[in-house]
Amino acid sequence: MGRSSKDKRDIYYRLAKEEGWRARSAFKLLQLDEEFKLFKGVSRAVDLCAAPGSWSQVLSRKLRGKDKSEEVKIVAVDLQAMAPLPGVTQIQGDITKISTAEEIIQHFEGESADLVVCDGAPDVTGLHDVDEYIQAQLLLAALNITTHVLKPGGNFVAKIFRGKDVTLLYSQLKIFFSFVTCAKPPSSRNSSIDVDFNQLEGPNRIIVPFLACGDLSGFDSDRTYPLQLDSSKEYQYLPPTQPPIRPPYQQACQLRKSNLLAKEDSPSGVLDEALTALDLNTEADTNTTTPGTSD
Ligand SMILES: C[S@@+](CC[C@H](N)C(=O)[O-])C[C@H]1O[C@@H](n2cnc3c(N)ncnc32)[C@H](O)[C@@H]1O
């Protein structure tokens, strides 16, 4: 939690202290829940990039309820160590690492989570493009884990930095979720600008999902097929559809046609002749314009 005088004037900073939240960001999740009813029917949740733990606190208080239901399972993950919270299992790890993803999946013992939240933020460098890129990568790592642990129809909530690549992120999310929206809760600071996902334009607006299905009746490029030649038929040589216009081996072909191509065991005289012919060809070539070449 920040301690500058600006932070002390911040209403959510003071409220967080009064209500016992570890960070003012608790209000963001509470306000998102007010708008989208995120916690309805949720008994298993994952909090990615959770430290110091205010979102986990919100999940613990809201999901476990007054009777402190033991049925509720909350897994919180962060690079940093976090003070314990009731009903929250903690994993200290990097969400971009496969081992962390596997650890999270193991905690659900084959069951799926109803909700995944991620408030991840990298250490900012001050270079906006770099920060935005790293943030987007963090979000994609969170999305990757989410695709393994979230139940179909479950919700994924993640922080984004608004930037020029936001359309790409939106398209990537749209592949997995039928409804994607960008919300800015009142407690979210003004330094981040609103983005309306419904008004996006440009080439990244939509990624058409590509699904490789395979085809049992189709050719398999990893297999070698017999030629199945029919001895009663005559086969014709089929030339290349479009031969190269001016290949680097063109001179060698010409030399071979005139039987001037040097062979390894050629007497040096033949080699000299070949080289002379090569020089002559090069000279002739500089005076010729071949259609389709750019030199
Ligand atoms: C804004 S804080 C999260 C605040 C938290 N939601 C709360 O309410 O207390 C961002 C967190 O992201 C974590 N983080 C950044 N990169 C991470 C990564 N690759 N794996 C796990 N955590 C990461 C940081 O350690 C930091 O604690």
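Up top you'll find the structure we're talking about.
Residues numbered from 1 in each chain as written. Predicted model: local features only at pLDDT ≥ 70, side-chain atom pairs only at ≥ 80, totals over all residues. Heavy atoms only, no water.

Enquirer: Please clarify how the sheet that holds strand S4 (residues 113-118) should be interpreted in this entry.
Expert: The strands making up a sheet associate through hydrogen bonds between their backbones, and the pairing can be parallel or antiparallel. Read across the open sheet, the 5 strands follow the order S3-S2-S1-S4-S5; overall the sheet is parallel. The open sheet has two edge strands, strand S3 (88-92) and strand S5 (150-158), and neither has a second partner. For this sheet, the mean inter-axis angle between neighbouring strands, taken without regard to orientation, is 15°. Where strand S2 (residues 73-78) lies against S3, 5 bridges are found, and the strand directions are parallel. Note that in S3 the partner of Ala76 across the bridge is Gln90. (Pairing = 2+ DSSP bridges. Helix = DSSP H or I, 4+ residues; strand = E, 2+ residues; numbered from the N terminus. Axes fitted to C-alpha atoms, helices over the stretch in contact; angles between N-to-C directions.)

Enquirer: Explain the site of the ligand to me, please; I cannot follow it from the model alone.
Expert: The environment of the ligand is formed by 19 residues, the closest being Ser54, Asp78, Asp94, Ile95 and Asp119. In the environment of the ligand, an oxygen atom lies 3.1 Å from a nitrogen or oxygen atom belonging to the backbone of Ala51. A distance of 2.4 Å separates an oxygen atom of the ligand from a polar side-chain atom of Ser54. For the ligand, the protein covers 85% of the area, taking 600 Å² as the surface of the free molecule. A breakdown of the residues in the shell around the ligand according to their chemical character gives 9 nonpolar, 6 polar and 4 charged. (Near = heavy atom within 4 Å. Polar contact = N/O pair within 3.5 Å; in protein donor to acceptor, adjacent residues only side chain to side chain. Areas by Shrake-Rupley, 256 points an atom, 1.4 Å probe, with all protein chains shown as cover. Nonpolar A, V, L, I, M, F, W, Y, C, P; charged D, E, K, R; others polar.)

Enquirer: So what exactly am I meant to see when it comes to the nonpolar core here?
Expert: In a soluble, globular protein the nonpolar side chains are often hidden away together inside. Counting residues in each nonpolar core, the largest one holds 28 residues, and the members touching the most others are Val46, Leu48, Ile95, Ile104 and Phe156. Among the secondary structure elements, those contributing two or more residues to this core are strand S1 (44-48), S2, helix H5 (98-107), S4, helix H6 (128-149), S5 and helix H7 (166-176). Considering every element that reaches this core, the biggest residue donor is H6, with 8 residues. Not counting the four nearest positions on each side in its chain, Phe156 is found in contact with Val116, Cys118, Leu139, Ala142, Leu143, Thr146, Leu150, Leu173 and Phe177. In terms of nonpolar packing, the next biggest core, distinct from the first, is built from 26 residues, Phe27, Leu63, Val88 and Leu115 among them. (Core = buried A, V, L, I, M, F, W, Y, C linked by side-chain atoms within 4.5 Å. Buried < 20%, exposed > 50% of the residue type's maximum accessible area, 1.4 Å probe, protein only. Contact = heavy atoms within 4.5 Å.)

Enquirer: Even after reading the chapter, I still don't get helix H4 (residues 54-64), so can you show me in this structure?
Expert: Think of an α-helix as turning once every 3.6 residues; residues three or four places apart then point the same way. Most of H4 is tucked away, with 9 of its 11 residues classed as buried. All of the buried residues along H4 are Ser54, Trp55, Ser56, Gln57, Val58, Leu59, Ser60, Leu63 and Arg64. On its buried side, H4 packs onto helix H3 (26-36), S1, S2, S3 and S4. Phi for Gly65, located one or two positions after H4, is positive at around 70°.

Enquirer: Explanation requested: the pattern of salt bridges in the structure shown.
Expert: Any two side chains of opposite charge can pair, so long as their charged atoms come close to each other. Across all of its chains, the model carries 6 salt bridges by this definition. In this structure, Asp114 engages Lys151 in a salt bridge whose closest nitrogen and oxygen atoms are separated by 3.3 Å. Of this pair, Asp114 sits in strand S4 while Lys151 sits in strand S5, and the two are 37 residues apart along the sequence. The class of Lys151 is partly exposed, set by a relative accessible area of 33%. (Salt bridge = Lys/Arg side-chain N within 4 Å of Asp/Glu carboxyl O.)

Enquirer: What is the right way to look at the environment of Arg22 in this model?
Expert: Position of Arg22 relative to the elements: it lies in the loop between helix H2 (11-19) and H3. On the accessibility criterion, Arg22 (21% relative accessible area) is partly exposed. Counting along the chain gives 30 residues from Arg22 to Pro52, while the straight-line C-alpha distance between them is 6.4 Å. Within the structure, the side chain of Arg22 is placed 3.0 Å from the backbone oxygen of Pro84, a separation counted as a polar contact.

Enquirer: Please explain unusual backbone geometry as it appears in this structure.
Expert: Negative phi values dominate among residues other than glycine, just as trans dominates among peptide bonds. Following Ala51, the chain continues into Pro52 via a peptide bond in cis, with omega recorded as 5°. Within the fold, Pro52 resides in the loop between S1 and H4. Phi is positive for Lys37, close to 50°, though the residue is something other than glycine. Within the element layout of this structure, Lys37 appears in the loop between H3 and S1. Taking relative accessible area as the criterion, Lys37 reaches 51% and is therefore assigned exposed. Backbone geometry places Cys49, a non-glycine residue, at a positive phi of 60°. Summarising the element assignment, Cys49 is placed in the loop between S1 and H4. For Cys49, a relative accessible area of 15% gives the class buried.

Enquirer: I keep staring at the packing of H3 against H4 and nothing clicks. Help me out?
Expert: Packed helices, taken two at a time, are described by the angle between their axes plus the distance between the axes. Their axes nearest at 7 Å, the elements H3 and H4 cross at an angle of 45°. Our classification of the angle between H3 and H4 gives oblique. In the crossing of H3 with H4, the sense of the turn from one axis to the other is right-handed. Judged by residue contacts, Ala26, Lys28, Leu29 and Leu30 of H3 engage Ser54, Trp55, Val58, Leu59 and Lys62 from H4. (Parallel < 35°, antiparallel > 145°, perpendicular 65-115°, else oblique. Left-handed = near helix turned anticlockwise from the far one by under 90°.)

Enquirer: What should I look at first to understand a nonpolar patch on the surface in this one?
Expert: Where nonpolar side chains cluster on the molecular surface, the patch consists of Leu127, Val130, Tyr133 and Ile134 and spans about 370 Å² of accessible area. When you line up the elements, Ile134 lands in helix H6. For Ile134, a relative accessible area of 33% translates into the label partly exposed. (Patch = residues over 30% accessible without salt bridge, like charges linked within 9 Å, V, L, I, M, F, W, Y side chains within 5 Å.)

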